[in-house]
Structure formats: C-alpha cells, structure tokens
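Chains, contacts and geometry: an overview
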Amino acid sequence: MKWQYLVGLAFVSLAQIGWVRPELHTKARPPSDSGGRLDYFVIKINGQPVRLKEGQEVSIMRGDELEVTEARLISPDVKAKQVDVIGFKSPSKIPGEDRGFRFRTNRLSDWYSESHRGEVWSILAQSDKILHGAAFIRVVDPSLRYAEFRINQQLRVVRPGDEVVVKSSDQIKVDRVVTNLGDDSSVKVLIDDQDRKGKFEIKFERDRRVFAVIPINVTE
C-alpha cells in the first residue's frame, strides 16, 4: 500500500468584535480624540507575525508561544506607554509593559481571563489613565473537524470517530485537514503502524502534540 501525507501551515482565525468588552482589567478611559485610539497590535504566534486590529480576537492553540511586539495608534505621533497582556506577568521593570517578552499561553492566569474561564484574555494599550484600545486572545485546544481522504482517487470525508477500511492494494492520500482554527497551520499528518496486522493510525499532530487519531483497518 502506498502512503502519502501532508504537512501544512495553519492560519490563525480573526473575528471582528466590539470595541468595548466586559471585564477589561483597567480603570483607564478611552482618549478624547481619535488620533489616540489604537489602530492595531503586532503579535507573534510561534514566531509568525500577525496584525491584530483594535477590538479583534485571535484564536491560538493552548501551549503556543506568544509575543506582543508593537502597538500602533491611529496617529503616528502618539505612542502607547504600556502594552499589557492581562494575566501575564513579564519580567519587565516597567509595570504593565509586556512588549518584547515571549511566553507560552499556559503562563496566562485564569483569574484574569473573561469570567475566570481560562478562555479569553485581553491585551491593553495604555498611557497612564488613557486606554488607547484593546484586543483579545482566545486560547483553544486543537481539534479535528474533518479530513478529506482520497482512496484510489475517490474522495471521502472522514470525521473524528470514523474508521477507514481499505485494501492492501489501495492508494491513500490526505488531501485536506480542517481544524477548529479554519485552514491548517503547522499540522502534520503521520502514519503509525500499531504492530498489529492490518492496523494503522493516521495521527494529526501540531507542535509535536497529537490532537486527533483516525484508525485504519487494512484488509487483504
């Protein structure tokens, strides 16, 4: 049987949300003029730069590495004094300044997440008592929605819980993988022989962590 597999790059998914969101951990107030409003943050997810607009939310995998590198305001002449990732305590000597510090999402404190659920955290751009703007991080566990297999050129959609039965003479290719982040990012599809006759597993892995398995039963 001939095996082929994919190694893809996943894309972060961005969802537009409102400017004011409950439970922002700050007493600062929005600026009086539009020039002092936040335009966007630049963040890095596993080293990949992402532009995060004011009020937007980005979904990232639990355990990913995150870094906020920049806060760009609408007026180029106005600079944010602090960029604070709420729930992360950086080694910065400046209180509330987290720019330039890389950390894993498991270092975010659940207490400072929305409703203490450990799902959504805010990033604030501030200057003293002025809140320039905010954006949000949603941390999710990876999950497979479905995969598209091609068995002898015939397309089949496979979902978690399915088992694929093929003949030893069949050719199998994984054409597409869809996760809870939309298109696939850093997802590897691996074939694992379970040392049992005719029993295989297709494993879906991200950042060296297996998050889904589809069993393969090979018949004569």
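Residues numbered from 1 in each chain as written. Predicted model: local features only at pLDDT ≥ 70, side-chain atom pairs only at ≥ 80, totals over all residues. Heavy atoms only, no water.

A separate point is the overall build of the chain. Looking only at helices and strands, the chain has zero helices and 17 strands in total. Within the span of the chain, comprising 220 residues, buried residues form 45% of the whole. Considering only residue pairs separated by 6 or more positions, the chain has 61% of its internal contacts joining residues 24 or more positions apart. Of the roughly 12100 Å² that the chain leaves accessible, carbon and sulfur atoms contribute 47%. (Helix = DSSP H or I, 4+ residues; strand = E, 2+ residues; numbered from the N terminus. Buried < 20%, exposed > 50% of the residue type's maximum accessible area, 1.4 Å probe, protein only. Contact = heavy atoms within 4.5 Å. Areas by Shrake-Rupley, 256 points an atom, 1.4 Å probe, with all protein chains shown as cover.)

What follows covers the pattern of salt bridges. By the definition in use, this model includes twelve salt bridges. Across the pair Asp141 and Arg62 runs a salt bridge whose closest N-O atoms are separated by 2.9 Å. Of this pair, Asp141 sits in the loop between strand 10 (130-140) and strand 11 (144-151) while Arg62 sits in the loop between strand 5 (56-61) and strand 6 (65-73), and the two are 79 residues apart along the sequence. A relative accessible area of 48% means that Asp141 is categorised as partly exposed. Of the residues examined, Arg62 reaches a relative accessible area of 33% and is grouped as partly exposed. The network of salt bridges with shared partners includes Glu57, Glu119 and Arg138. (Salt bridge = Lys/Arg side-chain N within 4 Å of Asp/Glu carboxyl O.)

To continue, consider the packing of aromatic side chains. Taken as a whole and assessed by the stated rule, the structure comprises one aromatic pair. An angle of 15 degrees between the planes, with centres 3.8 Å apart, marks the rings of Phe88 and Phe103 as stacked. Separated by 15 residues along the polypeptide, Phe88 in the loop between strand 7 (82-85) and strand 8 (103-104) and Phe103 in strand 8 bring together distant segments of the chain. For the pair formed by Phe88 and Phe103, the shared burial category is buried. (Phe/Tyr/Trp six-rings, centres within 6.5 Å; stacked < 30°, edge-to-face > 60°.)

Right, let's talk about the nonpolar core for a bit. Considering soluble globular proteins, one finds that nonpolar side chains tend to be buried as a cluster. Judged by nonpolar contacts, the single largest core of 24 residues is most densely connected at Phe41, Ile43, Val85 and Ile123. Elements supplying a minimum of two residues to this core: strand 3 (38-45), strand 4 (48-53), strand 5, strand 6, strand 7, strand 9 (120-127) and strand 10. One finds Val158, Val164, Val166 and Phe204 within the second-largest nonpolar core, a separate group that totals 20 residues. (Core = buried A, V, L, I, M, F, W, Y, C linked by side-chain atoms within 4.5 Å.)

In this model, the chain carries an average pLDDT of 85, and 86% of its residues clear a pLDDT of 70 or more. Here residues 1-20 scores under 50 on pLDDT; set against residues more than four positions off or in separate chains, the count is 71 contacts. (pLDDT = per-residue confidence, 0-100.)

What follows concerns the sheet that holds strand 6. The four strands lie next to each other as 4-3-6-8, forming an open sheet whose pairing is antiparallel. Each having just a single partner strand, strand 4 and strand 8 make up the two edges of the open sheet. Sheet topology note: the strand 3/strand 4 ladder contains six bridges and is antiparallel. Residue Val42 lies in a different strand from strand 4, and its bridge partner there is Arg51. (Pairing = 2+ DSSP bridges.)

Before going further, it helps to examine unusual backbone geometry. The phi torsion at Asn152 lies on the positive side, around 50 degrees, for a residue other than glycine. Relative to the assigned elements, Asn152 resides in the loop between strand 11 and strand 12 (154-158). Here the phi dihedral of Gln153 falls at roughly 70 degrees; this positive angle occurs in a residue that is not glycine. Inspection of the secondary structure assignment puts Gln153 in the loop between strand 11 and strand 12. The class of Gln153 is exposed, set by a relative accessible area of 61%.

With six of six residues buried, strand 5 lies mostly within the body of the structure. The alternating pattern of strand 5 places Gln56, Val58 and Ile60 on one face and Glu57, Ser59 and Met61 on the opposite face, and all of these are buried. Of the strand pairs in this sheet, strand 5 and strand 10 are connected by five bridges, and their pairing is parallel. Bridge assignment links Ile60 to a residue of strand 10, and that residue is Val139.

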